[in-house]
Amino acid sequence: MIKQVLKLVGFVFLPCMLSGQQLVVQIEGDVYMNENLPAISEAGTDYSTALETQSVVYVSVLYDDQLNKGKNPNEKWRVFLHKQNMEWNDALVLETRRTGSGSRYNHPGNPNISDGENFRQITNNPAYFFRGRGEIVQIPLALKLNGFSLTLGAGDFETSLVFTVYDDW
Amino acid sequence: MKYGSWLFFVLFPLITFGQWETGQVSVFFTLPEVALVDIEPDGDNRVQFTVLPDSESGNAPTVEHSTDNSLWLNYSSALPATQNSRSITAEVAQGVVPRGIKLFLEASEFSGNGGGSPGQTAGPIELSNQPRPVISGIGNCYTGDGVGSGHQITLAIEIADYTAIESAGETSFVVLYTLTDN
């Protein structure tokens, strides 16, 4: 009888204990890459340089409730990144890197965050970007765009960057 | 059932620890329309032809250096998706060609280090004060910049009507090239 009660308690409470250990990733800022697009002033020439934007996207990794934050304030996590194209051209190469560490949320200490400091291409398949522990907010990212040319013609391009945070166990 | 229960206790934490959550941000990028054309070499790109009387009475006047191919046409073009191509037209825009003289222009096929879909030559045309296509079928492209890139221009004059030739002194006129939407 005691065994059965324990089993029942386990079935009921274990999901409650564990299912709340979810992290959320929040993103700020839409990105308009055109701000630094150089004008072509000489006939016969093409665009010559890549476009780079500094710290235009900010990523925050937070707990979804305070109960879990109290239980495990330094939970490890990893962020993966991929893109979903709305209107895009395969010649356009989008890269990103982490330009800072962000800050601990309501905490004076330094954020524990690693990797992602060099430019890497964003593809349509999720790829590991950076990792950290606990709640970190306002992690700044820079974006770089290569491969644009007059040969693509005139037009609007749009892609969506998808950040996925995983519990890192 | 007994082992199934314990298996559940073992696997459930593994399942729940691998949880994930996503966030998204949109990236926008616009390439504008571009339509640029120029003649190389930059600066002084004058071409001079001279019609001289023959030294022997009764002979026809002669044209000194009747052709010139020192000029090159460069262009950059980016079209919206709704537009197929562009053309380059040429016309005499300032001044007039002296009476009795015909001026012809021909663009070579594209050569150089450009990219994309450059246009094709329309062959030799006679220049007048009405724009005529010199190059057609220009898509999204760039020809490269400078002499040796794009389309080499050959200008030629001929005396078409000896009865109309008259001493006109020095006459100058401007050939205008326009990159135009089709």
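To be clear, the structure that these remarks concern was listed above.
Quantities reported herein were computed from a predicted structural model and do not represent experimental measurements. (Residues numbered from 1 in each chain as written. Chains lettered and ligands numbered in written order. Predicted model: local features only at pLDDT ≥ 70, side-chain atom pairs only at ≥ 80, totals over all residues. Heavy atoms only, no water.)

Draft legend 1. Just the nonpolar core, in detail. Ranked by internal contacts, the top residues of the largest apolar core, which has 41 residues, are Trp77(A), Phe163(A) and Phe29(B). Counting only elements with at least two residues in this core, the list comes to strand E1 (23–28), strand E3 (51–63), strand E4 (76–87), strand E9 (127–133), strand E10 (136–146) and strand E11 (155–167) of chain A together with strand E1 (20–31) of chain B. With 23 residues, the next largest nonpolar core counts Ala90(B), Leu105(B), Val134(B) and Ile135(B) among its residues. (Core = buried A, V, L, I, M, F, W, Y, C linked by side-chain atoms within 4.5 Å. Buried < 20%, exposed > 50% of the residue type's maximum accessible area, 1.4 Å probe, protein only. Helix = DSSP H or I, 4+ residues; strand = E, 2+ residues; numbered from the N terminus.)

Draft legend 2. Looking closely at the interface of chain A and chain B. Contacts between the two partners involve 56 residues from chain A, matched on the other side by 46 residues from chain B. Summing the contributions of chain A and of chain B, the shared interface buries around 4500 Å²; its carbon and sulfur component is 62%. For the chain A face of the interface with chain B, the top three residues by lost area are Ala43(A), Leu150(A) and Ala154(A), together amounting to 12%. At the surface where chain A touches chain B, the tally comes to 17 residue pairs in polar contact (both at pLDDT 80 or more). (Contact = heavy atoms within 4.5 Å. Buried area = accessible area lost by both parts, 1.4 Å probe. Polar contact = N/O pair within 3.5 Å; in protein donor to acceptor, adjacent residues only side chain to side chain.)

Draft legend 3. A look at the sheet that holds E11(A). Read across the open sheet, the six strands follow the order E2(A)-E1(B)-E11(A)-E4(A)-E9(A)-E7(A); overall the sheet is mixed. Unpaired on one side and paired on the other, strand E2 (31–32) and strand E7 (112–114) of chain A mark the two borders of the sheet. For E11(A) and E1(B), the ladder comprises twelve bridges, and the chain directions are antiparallel. Across the sheet, Phe163(A) pairs through a bridge with Gly23(B), a residue of E1(B). (Pairing = 2+ DSSP bridges.)

Draft legend 4. Looking closely at the packing of aromatic side chains. In total, this model carries eight aromatic pairs over all chains according to the counting rule given. The interplanar angle of 80° and the centroid separation of 5.2 Å between the aromatic rings of Phe80(A) and Tyr166(A) together place this pair among those described as edge-to-face. Within this pair, whereas Phe80(A) is found in strand E4, its partner Tyr166(A) is found in strand E11, the two being separated by 86 residues in sequence. Take Tyr166(A): its relative accessible area is 28%, and that puts it in the partly exposed class. An aromatic cluster of at least three residues, connected via ring pairs, comprises Tyr47(A), Phe148(A), Phe157(A) and Phe29(B). Here Arg78(A) stacks its cationic end above the ring of Tyr128(A), 4.9 Å away from the centre of that ring. If you follow Arg98(A) out to its NZ or CZ, it ends over the ring of Phe130(A), 6.0 Å from the centre. (Phe/Tyr/Trp six-rings, centres within 6.5 Å; stacked < 30°, edge-to-face > 60°. Lys NZ or Arg CZ within 6 Å of the ring centre and 35° of its normal.)

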